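Structural features, examined
Spelled out, the chains give:
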Amino acid sequence: MKYLFNYILRLLVKIALKGYFKRIIVDGKENIPKNTPVILVANHQNALIDPLLLATHTKLNPHFLTRASVFKKSLAAKALDYIRMLPVYRVRDGFSTIQQNQQIFDKTYEILKENGTVIIFAEGSHSLIRNLRPLSKGFTRMAFGLKEKYPETEPVILPVALDYSAHMRSGSRARLTFGKVIPVDMPSSKSGLLTKSVERAVKELVVEIPDETYEQDLARLIENDVDLTCRAEVQLFLETGQVPNPVTETSGLFNKLMKIFHFPLYFLWLWKKSSVKDPVFSSTWKFLIGFALAPLYYFLLIWLAMNTVLGTWALAFLIMAWITLIANTNPQE
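Now for a quick tour of the structure. (Residues numbered from 1 in each chain as written. Predicted model: local features only at pLDDT ≥ 70, side-chain atom pairs only at ≥ 80, totals over all residues. Heavy atoms only, no water.)

Each helix and strand counted, the chain has twelve helices and eight strands in total. In terms of overall dimensions, the chain is globule-like: its C-alpha atoms have a radius of gyration of 22 Å, near the 20 Å expected for 333 residues. Summarising its shape, the C-alpha atoms of the chain cover approximately 70 × 55 × 40 Å along the three principal directions. Counting over 333 residues, the chain shows a buried share of 48%. Carbon and sulfur atoms provide 62% of the accessible area of the chain, an area that totals close to 17,500 Å². Between the centroid of the 40 positive side chains of the chain and the centroid of its 29 negative side chains there is a distance of 8 Å. (Helix = DSSP H or I, 4+ residues; strand = E, 2+ residues; numbered from the N terminus. Rg over C-alpha atoms; globule rule 2.2 N^0.38 Å. Buried < 20%, exposed > 50% of the residue type's maximum accessible area, 1.4 Å probe, protein only. Areas by Shrake-Rupley, 256 points an atom, 1.4 Å probe, with all protein chains shown as cover. Lys, Arg positive; Asp, Glu negative; His and termini not counted. Charge placed at Lys NZ, Arg CZ, Asp CG, Glu CD.)

In structure tokens, the structure reads:
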């Protein structure tokens, strides 16, 4: 039952993500391994959107390590456990809670032993900045702990980059780039070497803009229509000024029309927006509002079209809502 629920949920989320983004690009899918324990290490730029994309655009059926603070309420904890999320305790959660991490690692060992997948956002926090931050060592502890408990296993690290043309806007582009797997074939005494190898592998996949000139370079990249989701395109422009494949400029007109024909949902976002303190969660809330309420809104328009004197208007409104959703585009930021 739990497996069926997760399968249906992933399918619905994947459909919703395709409605939220103008385009989702997956590179390096051939690098995703099969029938082996996989520890997937990714950067973290877009809150809940990151794990949703990874869960729906691979066939790995992963479990996720996420910050323990979201598990504080028992109902939320049960729901998150049902969708394969596992809490990770940090010092800020209270020093006494750190010991509970061993129980979580024990769970991951059982998952991985069955050739499962665990995703860890090893930067330890999220950020809208297009750069890779230093990785924590949790994934190495997991890999070597698994080999110690189950010596016959052969875990691999799968490096992944997530990049966005506009983190906080719908109608934008998202890109997932899977690198080549890194085998855990060294003794635990070399854990520092493994950490550096994985960090280097993820860094070679993620779009990077130098910290020293970040704002100026970002403005130049946007002005010259460089694809902000493509590391190679960004690097080429920063080094040579060339733009071989400029992205299509958009005015955002269809985005404005989409807001009009989805006004109840847009109004709900405007009401919620003031309480969203961290801008990284903007896309998360927009997506969740649409995922939960857009079907109800469409069914209401269908009911009005079939059962009231507003039939013609409601049907026209529904058709325009769908057209503007499909055509929704937003510029890079």
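This paragraph deals with the environment of Y214. Mapped onto the elements of the fold, Y214 is located in helix α7 (residues 214-223). Sequence separation between Y214 and I129 is 85 residues, and the spatial gap between their C-alpha atoms is 8.9 Å. What Y214 contacts, discounting residues up to four positions off in sequence, is L128, I129, R130, N131 and I209. (Contact = heavy atoms within 4.5 Å.)

So, on to unusual backbone geometry. One non-glycine residue, N35, lies in the positive phi region at around 55°. Within the fold, N35 resides in the loop between β1 (23-27) and β2 (38-42). Positive phi, close to 50°, is recorded for N61, a residue that is not glycine. Structurally, N61 can be placed in the loop between α2 (49-56) and β3 (63-67).

Once that is clear, we can look at helix α5 (residues 138-149). The end-to-end C-alpha separation of α5 is 16 Å, in line with the 16 Å expected for twelve residues at 1.5 Å each. For α5, the set of buried residues is G138, F139, T140, M142, A143, F144, G145 and L146. (Expected span 1.5 Å × (residues − 1).)

Attention shifts here to the side chain of D50. Checked against the element boundaries, D50 lands in helix α2. Buried within the structure, D50 lacks any salt-bridge partner; its nearest side chain of opposite charge belongs to R133, at an N-O separation of 7.7 Å. When near neighbours in sequence (up to four residues on either side) are disregarded, D50 contacts N43, H44, Q45, F121, L162 and Y164. (Salt bridge = Lys/Arg side-chain N within 4 Å of Asp/Glu carboxyl O.)

Taken together, the side chains of K18, K29, K34 and K59 make up a positively charged region of the molecular surface. Tracing the sequence through the fold places K59 in the loop between α2 and β3. (Patch = residues over 30% accessible without salt bridge, like charges linked within 9 Å, V, L, I, M, F, W, Y side chains within 5 Å.)

Think of it this way: side chains of opposite charge can pair up when their charged atoms draw near. In total, this model carries nine salt bridges according to the counting rule given. A salt bridge links D27 to R175, with the shortest nitrogen-to-oxygen separation between them at 2.7 Å. With D27 in strand β1 and R175 in strand β7 (residues 173-178), this pair connects stretches of sequence that are 148 residues apart. A residue is classified by how much of its surface remains accessible, and D27, at 30% relative accessible area, is partly exposed. On the basis of relative accessible area, R175 is assigned to the buried category, the value being 11%.

Remark: α5 packs on helix α6 (residues 191-203), axes separated minimally by 9 Å, with the N-to-C direction vectors making an angle of 125°. Between α5 and α6, the angle is such that the two are oblique. Crossing angle aside, the handedness with which α5 passes α6 is right-handed. Residues F139, T140 and F144 of α5 pack against S191, L194, T195 and V198 of α6. Across the contact of α5 with α6, the residue classes break down as four nonpolar, three polar and no charged. (Axes fitted to C-alpha atoms, helices over the stretch in contact; angles between N-to-C directions. Parallel < 35°, antiparallel > 145°, perpendicular 65-115°, else oblique. Left-handed = near helix turned anticlockwise from the far one by under 90°. Nonpolar A, V, L, I, M, F, W, Y, C, P; charged D, E, K, R; others polar.)

Among the five residues in β2, five count as buried, and that is most of the element. Of the two faces of β2, the one holding V38, L40 and A42 and the one holding I39 and V41 are both buried throughout. Pairing analysis gives five bridges linking β2 to strand β5 (residues 117-121), with the strands arranged parallel. The partner of V41 across the bridge, within β5, is I120. (Pairing = 2+ DSSP bridges.)

Moving on, we get to the environment of K147. Of note, K147 is situated in helix α5. Owing to a relative accessible area of 24%, K147 belongs among the partly exposed residues under this scheme. Through-space distance from the C-alpha of K147 to that of K113 is 9.4 Å; in sequence the pair is 34 residues apart. What K147 contacts, discounting residues up to four positions off in sequence, is T153, P155 and V184.

Another point: the nonpolar core. Soluble, globular proteins show a tendency: their nonpolar side chains are buried together. Ranked by internal contacts, the top residues of the largest apolar core, which has 31 residues, are I39, V41, F139, M142, I157, L194 and V198. When contributions to this core are tallied by element, the ones reaching two or more residues are β2, α4 (101-113), β5, α5, β6 (156-164) and α6. (Core = buried A, V, L, I, M, F, W, Y, C linked by side-chain atoms within 4.5 Å.)

All right, on to the environment of M168 then. Tracing the backbone shows M168 in the loop between β6 and β7. As a C-alpha pair, M168 and T56 span 112 residues in sequence and 20 Å in three-dimensional space. In this view, M168 contacts Y20, L128, P279, S282, S283, K286 and E333; residues no more than four positions away in its chain are not counted.

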